[in-house]
Amino acid sequence: MADGSIDLVQQVRSHLESLRAAGVLFVPRGEALVHAPLRVVAKQADVAPVVAPEQEDPLETRQRELEVLRAEVAACDKCSELFATRLQTVFGTGPLDAEVAFVGEAPGSGEDAQGEPFVGKSGHLLRRIIAACQLPASREYLFNIIKCRPPKNRPTTTTECANCRDFFRRQFDLVKPKYVVALGLTASKLLTQKGGALSGLRGQVHEYRGVPLVCTHHPNDIENDETGQLKRETWDDMKLLLRTMGREVPK
Ligand code: URA
């Protein structure tokens, strides 16, 4: 054989042909092999070639695993009501190794329509908060506790949050943010694993999966508060976040 890679193609072809002759009509795609280019690491006239995947950049592996997770989420039908009423799932947006992950509760109607978190009014306010902190928007990751819009934007149920918990954890572990901010009571209670009011969770640095966590108000609640108090308290929380990050607090 003049070329080990041609020999390999022939071996694969004859293996597939023998499977087909035996009645096997479908072979699952091995994702790891589809994406990892093959490399012949030994080639001698009388030795069968040994094939190993190229070393892959760990960041690319994580990005690929995140896309696999996104597809799993898109196919999820655990919450029958949400499955029946959603236009699409809303996974999350932002880079791996994000500086800060901002965690909301659930997508609203704009998010459901666009498939992106925080695209509506509350997203606009969240981006203003991020800008006021002088955090680069491109370095933040935005996502929610659950991935489907609850009908008529009703609050999430305990079962819905529990159904999505494993997706959330896997997503968090793949994104590996350096800091995390829980927006509102639902996200704060779930990430801290503590009960009580939001006032009891704000003003201190918690941890979620080993990552420093700050709890603050949800942008929707800030929007609806005419007194301005929630806005001031959110700024206090952001100052705590920035100090924890070792960043200067803008005047
Ligand atoms: N509210 C949330 O909690 N998340 C969104 O994505 C939008 C609004």
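Residues numbered from 1 in each chain as written. Predicted model: local features only at pLDDT ≥ 70, side-chain atom pairs only at ≥ 80, totals over all residues. Heavy atoms only, no water.

## Describing the overall build of the chain
Piece 1. For the chain, the helix and strand inventory stands at 10 helices and 7 strands.
Piece 2. Taken over 251 residues, the chain has a buried fraction of 39%.
Piece 3. Across the chain, the fraction of contacts at a sequence separation of at least 24, relative to all contacts at a separation of at least 6, is 69%.
Piece 4. Of the roughly 14300 Å² of accessible surface on the chain, a fraction of 53% belongs to carbon and sulfur atoms. (Helix = DSSP H or I, 4+ residues; strand = E, 2+ residues; numbered from the N terminus. Buried < 20%, exposed > 50% of the residue type's maximum accessible area, 1.4 Å probe, protein only. Contact = heavy atoms within 4.5 Å. Areas by Shrake-Rupley, 256 points an atom, 1.4 Å probe, with all protein chains shown as cover.)

## Description of the site of the ligand
Piece 1. Gly104, Glu105, Ala106, Glu111, Pro117, Phe118, Ser122, Asn144 and His218 make up every residue found near the ligand.
Piece 2. Separating an oxygen atom of the ligand from a backbone N or O atom of Phe118 is a distance of 3.0 Å.
Piece 3. Protein contact buries 95% of the 230 Å² of open area that the ligand shows by itself.
Piece 4. Residues that form the shell around the ligand fall into these classes: 3 nonpolar, 4 polar and 2 charged. (Near = heavy atom within 4 Å. Polar contact = N/O pair within 3.5 Å; in protein donor to acceptor, adjacent residues only side chain to side chain. Nonpolar A, V, L, I, M, F, W, Y, C, P; charged D, E, K, R; others polar.)

## Describing the sheet that holds strand β7 (residues 211-216)
Piece 1. Across the sheet, 5 strands lie side by side as β4-β3-β5-β7-β6; this open sheet has mixed pairing. Of all strands in the sheet, those bounded by a partner on one side alone are β4 (140-144) and β6 (206-208). Averaged over neighbouring strand pairs, the angle between their axes works out to 30° when direction is ignored.
Piece 2. Here helix α10 (residues 229-245) sits on the sheet and contacts β3 (100-104), β5 (179-183) and β7; the angle it forms with β7, its principal contact strand, is near 170°. (Pairing = 2+ DSSP bridges. Axes fitted to C-alpha atoms, helices over the stretch in contact; angles between N-to-C directions.)

## Let's talk about unusual backbone geometry
Piece 1. You will see that Asp97, though not glycine, has its phi angle at about 55°, which is positive.
Piece 2. With respect to the secondary-structure elements, Asp97 resides in the loop between α4 (80-85) and β3.

## Regarding the environment of Gly200
Piece 1. Turning to its location among the elements, Gly200 is positioned in the loop between α8 (185-192) and β6.
Piece 2. Judged by its relative accessible area of 47%, Gly200 falls in the partly exposed class.

## As for the environment of Pro117
Piece 1. Its location among the elements puts Pro117 in the loop between α5 (109-114) and α6 (121-132).
Piece 2. C-alpha separation for the pair Pro117 and Thr93, spaced 24 residues apart in sequence, amounts to 7.0 Å.
Piece 3. Residues within four places of Pro117 in sequence aside, it is in contact with Val90, Gly92, Thr93, Glu111, Arg127, Leu142, Phe143 and Asn144.

## What about α10?
Two residues of an α-helix separated by three or four positions point the same way, owing to the 3.6 residues in each turn.
Piece 1. For α10, built from 17 residues, the straight-helix expectation of 24 Å at 1.5 Å per residue is met to within 8% by its first-to-last C-alpha distance of 24 Å.
Piece 2. All of the buried residues along α10 are Leu230, Glu233, Thr234, Asp237, Met238, Leu240, Leu241, Leu242 and Met245.
Piece 3. Residues of α10 that are buried make contact with β3, α6, β5, β7 and α9 (219-224).
Piece 4. Looking at the residues trailing α10, positive phi occurs at Gly246, about 75°. (Expected span 1.5 Å × (residues − 1).)

## Some words on the confidence of the model for the chain
Piece 1. For the chain, per-residue confidence averages 87 on the pLDDT scale, and 79% of positions sit at 70 or higher.
Piece 2. When the criterion is pLDDT under 50, residues 1-5 qualifies, and its contacts beyond four places in sequence or with other chains add up to 9 contacts.
Piece 3. In this model, residues 26-45 is a region of pLDDT below 50 whose contacts with residues beyond four sequence positions or in other chains number 30 contacts. (pLDDT = per-residue confidence, 0-100.)

## Some words on the nonpolar core
Piece 1. Judged by nonpolar contacts, the single largest core of 33 residues is most densely connected at Val103, Tyr141, Ile145, Phe168, Val180 and Leu191.
Piece 2. If you list the elements that add at least two residues to this core, you get α3 (58-74), β3, β4, α7 (158-175), β5, α8 and β7.
Piece 3. Broken down by element, the residue count for this core peaks at 7 residues, all from α7.
Piece 4. Ignoring anything within four residues of it in the chain, the contact list for Val180 reads Ala101, Val103, Phe172, Leu191, Tyr208, Val211, Pro212, Leu213 and Val214. (Core = buried A, V, L, I, M, F, W, Y, C linked by side-chain atoms within 4.5 Å.)

## Observations concerning the side chain of Arg86
Piece 1. Relative to the helices and strands, Arg86 is located in the loop between α4 and β3.
Piece 2. No salt bridge is formed by the buried Arg86. Its closest oppositely charged neighbour is Asp112, at 6.8 Å.
Piece 3. If sequence neighbours within four positions are ignored, Arg86 has contacts with Ala74, Ala75, Cys76, Asp112 and Cys148. (Lys, Arg positive; Asp, Glu negative; His and termini not counted. Salt bridge = Lys/Arg side-chain N within 4 Å of Asp/Glu carboxyl O.)

## Details of the pairing of β4
Piece 1. Counting buried residues along β4, 5 of its 5 residues qualify, which places the element largely inside the surrounding structure.
Piece 2. Burial of β4 is two-sided: the residues Glu140, Leu142 and Asn144 facing one way and the residues Tyr141 and Phe143 facing the other way are all buried.

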